[in-house]
Amino acid sequence: MQKITLLLLMLTVGLSSCVSKKQLESAQAEVASRDQLLAQRDQEINRYAQQLAECERKELQLTNQVKSAETQANLRQEQIEDLRKQRDAQLQQVGDLTVLSQGANANISNTLQQLEGKDKYIRLLQEAKSKADSINLALAVNLKSVLREGIEDQDVDIKVDKTVVYINLSDKMLYKSGSYQITDRAGEVLEKIAQIAKSRPNLDLMVEGYTDNVPINTACVKDNWDLSVLRSTAVVKALQNKYDIDPNRLIASGRGEYNQLVANDTPENRSTNRRTRIILLPRLNQFYDLLDPTKVPE
């Protein structure tokens, strides 16, 4: 465009001698008008090119969206097919269970009848245990109340363990040093225990003797086994002869240095292990009656 304008100017200069000033100005105006039209044309071409590029971009975006929608549609169709297969399988299982349940109803009824009978027996045992627990708790409270006066706490320990109540008595309170002879102080405790035992004629009394691990060997006592048994029999004889406890209710046993409460590594621990335990036991025939199904009430 600049070349055309330059050419026109040259022609204008060349012909300036032949044309008037008015004609020159008219020619220059025409050239400017043409330049303006050419610039507008270029602008329109650029605008159309931008619109075409935007249309192509949107067309590509739409094509991608269509492809994505087709992919999702295919995935959903596959999911629908999987759900149909699961439904068919579940319907088959329901049908199988229906057939099985018809045959199992009779077996279930028979089983429930058997369980009903066993449940009655279980309830009876649970009631018996609850009753025994209550009795043992009351017995322990009663013993603590009776033995509390005049007795140091560290010499007497009363506990409830499962179905029995037991009393741990220290050897320094019960026996003379290195002996199995009962002390006068022990008589006070044994008398109170005897009073409780007489009020509970349905209980047996088992006396267990324990020692520490220090060996003993004298003319009367060969070892710790002998000492533990001699100490338990001394307590049993005192309960029978001095406090009128029926000997049929008494059991004497010795545990020697075994079943220790703590390690025998200090004088204090050895003193703890030297003890006598009196266990208040329900009669065995009472347990046998509970375990006999023929004696379960209807």
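Residues numbered from 1 in each chain as written. Predicted model: local features only at pLDDT ≥ 70, side-chain atom pairs only at ≥ 80, totals over all residues. Heavy atoms only, no water.

## A short note on helix α4 (residues 184-199)
Every α-helix carries 3.6 residues per turn, so stepping three or four residues along brings you back to the same face. The cut-off we apply is this: Starting at the N terminus, helices and strands are each numbered in turn, a helix being any DSSP run of H or I of at least four residues and a strand any DSSP run of E of at least two. Multiply 1.5 Å by the residue count of a helix minus one, and that product is the helix's expected span. Buried, partly exposed and exposed residues are distinguished by accessible area as a fraction of the type maximum, computed with a 1.4 Å probe on protein chains only: under 20%, between the cut-offs, and over 50%, respectively.
With 16 residues, α4 ought to run about 22 Å at 1.5 Å a step, and its terminal C-alpha atoms sit 24 Å apart, in line with that. For α4, every residue scored as buried is listed here: Ala186, Gly187, Val189, Leu190, Lys192, Ile193, Ala194, Ile196 and Ala197.

## Points about the pairing of strand β3 (residues 203-209)
Where we set the bar: Strand pairing requires that DSSP identify at least two bridges connecting the strands. With the strands aimed away from the viewer, a crossover counts as right-handed if its path from the first strand over the helix to the second runs clockwise.
Most of β3 is tucked away: seven of the seven residues are buried. The two faces of β3 match: Leu203, Leu205, Val207 and Gly209 on one face and Asp204, Met206 and Glu208 on the other face are all buried. For β3 and strand β4 (residues 250-254), the ladder comprises five bridges, and the chain directions are parallel. From the neighbouring strand, Met206 faces β4, where its bridge partner is Ile251. Crossover connection from β3 via helix α5 (residues 224-241) to parallel β4: handedness right-handed.

## Points about the sheet that holds strand β2 (residues 164-170)
As a reminder of what qualifies: Think of each axis as a best-fit line through the C-alpha atoms, taken over the contacting stretch in the case of a helix, with angles from 0 to 180 degrees between the N-to-C directions. Throughout, a contact is declared for two residues whenever any of their heavy atoms are within 4.5 Å.
On the basis of which strands lie adjacent, the open sheet formed by five strands has the order β1-β2-β5-β3-β4 and mixed pairing. Each of the sheet's edge strands pairs with one partner strand only, and the pair in question is β1 (156-161) and β4. Direction aside, neighbouring strands of the sheet carry axes that sit 20° apart on average. Alignment of β1 against β2, held across six bridges, turns out to be antiparallel. Within the sheet, the bridge partner assigned to Asp161 lies in β2 and is Val164. On top of the sheet, α4 reaches β2, β3 and β5 (275-282); it is set at about 170° to β2, its chief contact. Seen against the sheet, α5 touches β3, β4 and β5 and runs at an angle of roughly 165° to β4.

## So, the nonpolar core
Cut-off, in case you're wondering: Among buried residues, the Ala, Val, Leu, Ile, Met, Phe, Trp, Tyr and Cys ones that are joined through side-chain atoms within 4.5 Å form a nonpolar core.
Formed by 26 residues in total, the largest nonpolar core has its most connected members in Leu169, Leu205, Val235, Leu239 and Ile278. Taken together, the elements giving at least two residues each to this core come down to β1, β2, α3 (171-174), α4, β3, α5 and β5. Per element, the largest residue contribution to this core is six residues, and it comes from α4. Those residues in contact with Ile278, other than ones at most four positions away along the chain, are Val165, Tyr166, Ile167, Leu169, Leu190, Ile193, Leu205, Met206, Val207 and Val235.

## Notes on the environment of Arg270
Following the sequence through the fold, Arg270 ends up in helix α6 (residues 267-273). Look at Arg270 and you get partly exposed, because its relative accessible area is 23%. Arg270 has contacts with Asp212, Asn213, Val214, Asn264 and Asp265, leaving out every residue within four places of it along the chain.

## Digging into the pairing of β2
Taking burial as the measure, the seven residues of β2 include seven buried ones, the bulk of the element. Along β2, one buried face is formed by Val164, Tyr166, Asn168 and Ser170 and the opposite face, lined by Val165, Ile167 and Leu169, is buried too.

## Some words on the pattern of salt bridges
Oppositely charged side chains can form a pair if their charged atoms are brought close together. Quick reminder of the rule: Just to be clear on terms, a salt bridge is a Lys or Arg side-chain nitrogen sitting within 4 Å of an Asp or Glu carboxyl oxygen.
What the rule picks out here adds up to nine salt bridges. For the salt bridge of Arg57 with Glu54, the shortest nitrogen-to-oxygen distance reads 2.4 Å. Here Glu54 and Arg57 lie together in helix α2 (residues 21-147), a separation of three residues that amounts to about one turn. Looking at Arg57, the relative accessible area reads 45%, which means it is partly exposed. Take Glu54: its relative accessible area is 32%, and that puts it in the partly exposed class.

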